[in-house]
Amino acid sequence: MKYASVVIRIPIEKAFTYSVPKSAEGAIYIGKRVWVPFGQRRVVGYVVDLPDKVDVKGLKSIESIIDEAPIISEELLRLARWVSNYYVCSWGEAIDAVIPGVLKKGKTSIRSKAAVKKKAPKISDKLEPTAQQGKALKAIYSSLDAGQFSVFLLHGITASGKTEVYMQAISHMLKENKSSIVLVPEISLTPQTVERFKSRFGDNVAVMHSGLVGSKRFHEYKRIRDGEARIVVGARSAIFSPVKDLGLVIVDEEHETSYKQENVPRYHAREVAIKRAELTHSTVILGTATPSLESYHKALKGEYRLIELTERMKDIDLPKVKIIDMRRELYKRHYATVFSRPLRESIERVIARKQQAMLFLNRRGFSTFINCKSCGNVERCKRCDSVLVYHYSKKKLICHYCNWSVDPPNICPKCRGSYVKYFGMGTERVESELHRYFPEGRSDRMDTDTTRKRGSHDKILGRFKRHNINILVGTQMIAKGLDFPKVTLVGVVSADTTLNLPDFRASERTFNLLTQVAGRAGRGKEGGEVIIQTYAPEHYAITTASKHDYGAFYKREISYRKELNLPPFTNIIRITLKSRKAERVIKVSKDLAGTLKKRVGSDEILGPAPAVISKIRNQYRWNIILKTKESEESSRRLKTLLSSLRKPSGVSIAVDVDPISV
Ligand code: ADP
Ligand code: ZN
């Protein structure tokens, strides 16, 4: 009699044992999917082990085997196991993240195919490396050749030639017929980067992203699996691609928060990349102009190898950055609510010279809140603990947490007063002010409101590229990787939106964002100018960003983190409890915090306390924060504890290890 341990996608950490019918004995392998009876249902499970002996009697039998060849390798099973342990979810849930959607329903069967030996492609536009690139490549090649696990942090200002370093390292791997994975923050926002890989490596590149529809995605998946595509370029989940003979993993813009998945399993693709490289003796390159505090700290400690590229290609200087103190603008009455006088003058100049500008504001909508002048009442969401944002195009007040909307009131619903005023600004407002002050300027807006349809990113960027528009207004969507040589002005309408976030990474995010948007200016011969408007002109995140001085920023920020015992000096685990009943969530949170103190015993346990947005969609939210220096161990204990607890009725518990914001 043969047996199989099978895991199923349920939030319970358990492998279930089934017997294998005689007829299927020859075909059962680890990594294949099977149909199994589970309670009253029939579900898809993954075979994770084939034990020789079991002591349970009366086992149910596997109904059928779905795959002709294993769909998940033992390497990826192990990686998923690590993800489940570190990020505190079940193995089944983690495996589920590894398998692409089209295979999950258990319909498509995968055949294995002999690997195709490919000739190395002709690399036409390979460049001669500069001295700095050459030095970086030498170190990287020696690690690649040794087949050794190591992590490089490639810190280089924008246009210092990082992407070229990635491509040469990939070529080096191709020659040995080994595979590379390149992670980029978001495919739709980095079309130019993806294009560069495709034009250099042609058919060797498979692009994986959520925009691909089922069959196309499956096709790319098969090309990767069969070794036809040796290079995978993709967002977060591409780290689980079933590549053959992995040798190199590149994480471009390693500091990007979009590498963190917000649903179970709440993994960080950069950390998974490093783990996968460790399991496969591969080399990792983390590339960025603004390293995360975590990565730079590790590099300085010698855990990662630091490579710095300090010179820009093509002798293009970094753009000059001007900080505008909006308090003084207000005082001098130059203030026209959205554009300061210097920003207005620069926009005029851009229009007159037929150049291009990007205006950045990390907030969508028109006005950010509306407020009664007589009683002070602020319009809030009925379901969330949030303030409603006015959207001009829809003529509605909208909740940015649940999308609930309502007509804006003419009189105050509370005191019946008739003076309701609109405050704050979002991208819609910036665009409307542009029309008002610069009727001759042609502008467009790029934010989540204007890019809901598939392909709309490309459309807007296409119009900008062809100069159909000369001013592009946008949220952080326009901050990334875009290279438009005609952009001579970048205006940050307000640096304060990010700076004022209630989050310990607010300064880091502000520095990153400002550095990135500033990098959009002056990529052509005409040079560039950056104008940052702020009410906090002396804040170090802003002053250091204006000087393009990462080192100075790091020094200030790391001492603050150390003082408050925040990452990278500790790891944070956040436990969020949600319930429709406020008393219930408070009671369960308090009980859980007590149990955690006894059984997980990390360095510090904070809370329970209401979350920053304490109610979303009528669910009350409370947090417990653990700080730990031994995160693997704390995760392990937490996972054991949570699976041993009885599930509290009416309360859900979500764990986020190394959350993006706290
Ligand atoms: P980054 O990724 O750091 O922004 P890139 O790799 O995109 O920098 O390089 C910036 C520009 O310089 C690109 O147009 C690239 O083709 C060019 N470039 C990079 N390396 C070289 C080189 N060694 N010789 C000539 N041009 C180069
Ligand atoms: Zn709401």
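Sequence order as written defines residue numbering, which begins from 1 separately in each chain. By the order in which they are written, chains take letters starting at A while ligands take numbers starting at 1. With pLDDT at 70 or above as the cut-off, local features in this predicted model cover only qualifying residues; side-chain atom pairs require 80 or more to be listed or tallied, and sums for whole chains, interfaces and linings still use all residues. To get the side-chain values, all heavy atoms of the structure are used, and hydrogens and water are removed first.

A. Main features of the environment of Tyr540. As for its position among the elements, Tyr540 is in helix α16 (residues 540-546). We call two residues contacting when some pair of their heavy atoms lies within 4.5 Å. The contacts of Tyr540, once residues within four sequence positions are left out, are Ser507, Ala545, Phe553, Arg556, Glu557 and Tyr560. Helix and strand definitions here come from DSSP, where helices need a minimum of 4 consecutive H or I residues and strands a minimum of 2 consecutive E residues; each element is numbered from the N-terminal end.

B. Expanded view of the sheet that holds strand β7 (residues 179-183). DSSP-based pairing: two strands are paired if at least 2 bridges between them are found. Pairing is parallel in the open sheet, where seven strands are placed in the order β8-β9-β7-β10-β11-β6-β12. Either end of the sheet is taken by a strand with one partner, and the two such strands are β8 (205-208) and β12 (305-309). Averaged over all pairs of adjacent strands, the angle between strand axes in this sheet comes to 20°, irrespective of strand direction. As paired elements, strand β6 (residues 150-156) and β12 share five bridges and run parallel to each other. Bridging from a neighbouring strand, Gly156 pairs with Leu309 of β12. Axis definition: a line fit to C-alpha positions, over the contact stretch in the case of helices; interaxial angles, taken between N-to-C directions, run 0 to 180 degrees.

C. Fine view of the pairing of strand β3 (residues 33-38). Within β3, six of the six residues are buried, which leaves the element mostly enclosed by the surrounding structure. Throughout this description, buried means an accessible area under 20% of the type-specific maximum (1.4 Å probe, protein chains only), exposed means over 50%, and partly exposed covers the range between. Of the two faces of β3, the one holding Arg33, Trp35 and Pro37 and the one holding Val34, Val36 and Phe38 are both buried throughout. Sheet topology places β3 next to strand β4 (residues 41-49); six bridges connect them, and they run antiparallel. What sits directly across from Pro37, in β4, is Arg42. In this antiparallel pair of consecutive strands, β3 and β4, the connection spans two residues, and Gly39 shows a positive phi of 60°.

D. Focus on the environment of Phe464. Among the structural elements, Phe464 can be located in helix α13 (residues 456-465). For Phe464, a relative accessible area of 0% translates into the label buried. Those residues within four positions of Phe464 in sequence are excluded, and the remaining contacts are Gln356, Ala357, Met358, Ile469, Asn470, Ile471, Leu472, Phe484 and Val487.

E. How the structure looks around the domain arrangement of the protein. Boundaries between domains were set according to an automatic or database domain assignment. The assigned domain composition of the protein is domain 1 (2-103), domain 2 (131-314), domain 3 (316-365 + 427-560), domain 4 (367-424) and domain 5 (571-657). One C-alpha centre belongs to domain 2, the other to domain 3, and the line joining them spans 28 Å. Taken together, the 26 residues of domain 2 in the interface contact 29 residues of domain 3. Buried area is a sum: the accessible area each of two parts loses on coming together, probed at 1.4 Å, counted once for each and added. Both sides together, the interface formed by domain 2 and domain 3 hides about 2400 Å², and carbon and sulfur atoms give 54% of it. Of the charged contacts, one joins Arg505 and Glu294 as a salt bridge, the two residues approaching to 2.7 Å between their closest N and O atoms. Elements with a contribution of two residues or more to the side of domain 2 that touches domain 3: α6 (191-201) and α9 (293-301). Broken down by element, the side of domain 2 that touches domain 3 gets its largest block of residues, five residues, from α9. Here, a salt bridge means any side-chain nitrogen of Lys or Arg that lies within 4 Å of a carboxyl oxygen of Asp or Glu.

F. Molecular detail of the site of ligand 1. Whether a residue is near a molecule or strand is decided by its heavy atoms; if any one of them lies within 4 Å of it, the residue is near. Around ligand 1 sit 16 residues, and of these Glu128, Gln133, Ala159, Thr163 and Arg196 come closest. Residue Gln133 places a side-chain N or O atom 2.8 Å away from a nitrogen atom belonging to ligand 1. Here a polar contact means two N or O atoms within 3.5 Å. Within protein one must be a hydrogen donor candidate and the other an acceptor candidate, and residues neighboring in sequence count only if both atoms are side-chain atoms. Contact distances for ligand 1 include 2.8 Å between an oxygen atom and a backbone N or O atom of Ala159. In the complex, 77% of the free accessible area of ligand 1, which totals 560 Å², lies under the protein chains. Looking at the shell around ligand 1 element by element, the count peaks at three residues for helix α5 (residues 162-175). Gly counts as polar in this scheme, as do all residues outside two lists: the nonpolar Ala, Val, Leu, Ile, Met, Phe, Trp, Tyr, Cys and Pro, and the charged Asp, Glu, Lys and Arg. Taken together, the residues of the shell around ligand 1 break down into five nonpolar, six polar and five charged. Values of accessible area rely on a 1.4 Å probe in the Shrake-Rupley scheme; residue burial ignores everything except the protein chains shown.

G. Broad picture of the coordination of the zinc ion (ligand 2). As a rule, N, O and S atoms within 2.8 Å of a metal are its donors, except that Na, K and Ca use 3.2 Å; water is not among the atoms, so sites may look incomplete. Note on the zinc ion (ligand 2): its protein donors are Cys381 (SG), Cys384 (SG), Cys399 (SG) and Cys402 (SG). The metal-donor distances range over 2.3 to 2.4 Å. Site shape is set this way: if four donors have all angles between 85 and 135 degrees, tetrahedral; if opposite donors are over 155 degrees apart and all others between 65 and 115, square planar for four donors and octahedral for six; otherwise irregular. Here the zinc ion (ligand 2) is ringed by four donor atoms whose angles at the metal span 104 to 112°, and the overall shape comes out tetrahedral. When the donor residues of the zinc ion (ligand 2) are listed from N- to C-terminus, their spacing reads C-x2-C-x14-C-x2-C. Note that Cys381 is positioned in the loop between β15 (369-372) and β16 (389-391) and Cys399 in the loop between β17 (396-398) and β18 (405-406), a separation of 18 residues in sequence. Comparing Cys381 with Cys399 shows no difference in burial state: the two are buried.

H. Inspection of the nonpolar core at higher detail. Side-chain atoms within 4.5 Å are what join buried Ala, Val, Leu, Ile, Met, Phe, Trp, Tyr and Cys residues into a set we call a nonpolar core. If you look at the biggest cluster of nonpolar residues, it comprises 105 residues, and the most contacted ones within it are Ile95, Leu183, Val272, Met358, Leu472 and Leu596. The leading source of residues in this core is helix α1 (residues 74-86), at seven residues. When near neighbours in sequence (up to four residues on either side) are disregarded, Leu183 contacts Gly234, Ala235, Arg236, Ala238, Ile239, Ile250, Val251, Asp252, Tyr259, Ala269 and Ala273.

I. Looking closely at the side chain of Gln355. Considering the arrangement of structural elements, one finds Gln355 in the loop between α11 (341-352) and β14 (356-360). Here Thr488 takes part through its side chain, which lies 2.9 Å from a polar atom of the side chain of Gln355. Not counting chain neighbours up to four residues away, the residues in contact with Gln355 comprise Val350, Asn470, Lys486, Thr488 and Glu526.

J. Molecular detail of the sheet that holds strand β1 (residues 2-8). The five strands lie next to each other as β2-β1-β4-β3-β5, forming an open sheet whose pairing is antiparallel. Each edge of the sheet is formed by a strand with only one pairing partner; in this case those strands are β2 (16-20) and β5 (64-65). Summarising the sheet, β3 and β5 pair through two bridges and their orientation is antiparallel. What sits directly across from Val34, in β5, is Ile65.

K. Spotlight on the packing of aromatic side chains. Note on aromatic contacts: the rings of Phe and Tyr and the six-membered ring of Trp form a pair at centre separations within 6.5 Å, being stacked when their planes are under 30 degrees apart, edge-to-face when over 60 apart, and tilted otherwise. On inspection of all chains with the given rule, the structure shows 19 aromatic pairs. Arranged with centres 6.1 Å apart and planes meeting at 80°, the rings of Phe366 and Tyr390 form a pair that is edge-to-face. Taken as a pair, Phe366 in the loop between β14 and β15 and Tyr390 in strand β16 lie far apart in primary sequence, 24 residues in all. Neither residue differs from the other here; Phe366 and Tyr390 are each classed as buried. Residues Phe511 and Phe553 carry aromatic rings whose centres are separated by 4.4 Å and whose planes lie at 10° to one another, so their mutual orientation is stacked. In this pair, Phe511 sits in helix α15 (residues 506-518) while Phe553 sits in helix α17 (residues 550-563), placing the two residues 42 residues apart along the sequence. There is no split in this pair, since Phe511 and Phe553 are both buried. By way of ring pairs, the aromatic residues Tyr296, Phe511, Tyr540, Tyr550, Phe553 and Tyr554 are connected into one cluster.

L. Quick look at the pattern of salt bridges. Within the structure shown, the criterion is met by 36 salt bridges. We note a salt bridge from Asp96 to Arg9, for which the minimum N-O separation is 3.5 Å. Here Arg9 lies in the loop between β1 and β2 and Asp96 lies in helix α2 (residues 91-98), a separation of 87 residues in the sequence. The salt bridge partner of Asp325 is Arg327, with a shortest N-O separation of 3.2 Å. Among the residues examined, Asp325 registers a relative accessible area of 17% and is labelled buried. Three or more residues are tied together by salt bridges with common partners; here these are Glu254, Arg270 and Glu271.

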